[in-house]
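Overview (structure and organization)
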Amino acid sequence: MEDIRPARIRAADADRERVATTVQTAGSEGRLTLDEVEERLTHVYAAKFTDELTALTADLPRPAPPRPGFPLTRAALRQHPALRVHLAVVVAVAVLVIVRWAVLGAGFFWPAFPMFWLAVSLLVHARVRSFRGSARTAVPY
């Protein structure tokens, strides 16, 4: 009779670092004593398989997913060419309405209204891109 066991998966350095961060966070929150943190970190860096890593954090709460920050950053603009195009259009339209306002006599600053909605559209576009990007890169525990 054959022994059918699931194959064990080797742990990568990234897996060890993720678990080490979880253990260190638990220690900083007071969930583990300093001795427990040191002991678990020793086991984390000695672990060869992912099931060994899972056992080291089984009694700890899972870390909360990071909250998205301000969506329109240089990194987001580098990563999504569509955001760069959108930003260029917003800037061009804003310049045009300001020039028109100045040419027509510079009374009440009405360009503030279209510029506000252009900025809102750009921020919504960036937020949607950030949510789509985080959904694709999410790693299950």
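Residues numbered from 1 in each chain as written. Predicted model: local features only at pLDDT ≥ 70, side-chain atom pairs only at ≥ 80, totals over all residues. Heavy atoms only, no water.

If you tally the helices and strands in the protein chain, you get six helices and zero strands. The linear arrangement of helices and strands in the protein chain, starting from the amino end, is α-α-α-α-α-α. The proportion of buried residues among the 141 residues of the protein chain is 23%. For the protein chain, contacts bridging at least 24 residues in sequence account for 64% of all contacts bridging at least 6. About 10700 Å² of surface is accessible on the protein chain, with carbon and sulfur atoms providing 63% of the total. (Helix = DSSP H or I, 4+ residues; strand = E, 2+ residues; numbered from the N terminus. Buried < 20%, exposed > 50% of the residue type's maximum accessible area, 1.4 Å probe, protein only. Contact = heavy atoms within 4.5 Å. Areas by Shrake-Rupley, 256 points an atom, 1.4 Å probe, with all protein chains shown as cover.)

Counting across every chain of the model gives three aromatic pairs. Geometrically, the ring pair formed by Trp101 and Phe109 is edge-to-face, given 4.8 Å between the ring centres and 90° between the ring planes. Given a relative accessible area of 32%, Phe109 falls into the partly exposed group. (Phe/Tyr/Trp six-rings, centres within 6.5 Å; stacked < 30°, edge-to-face > 60°.)

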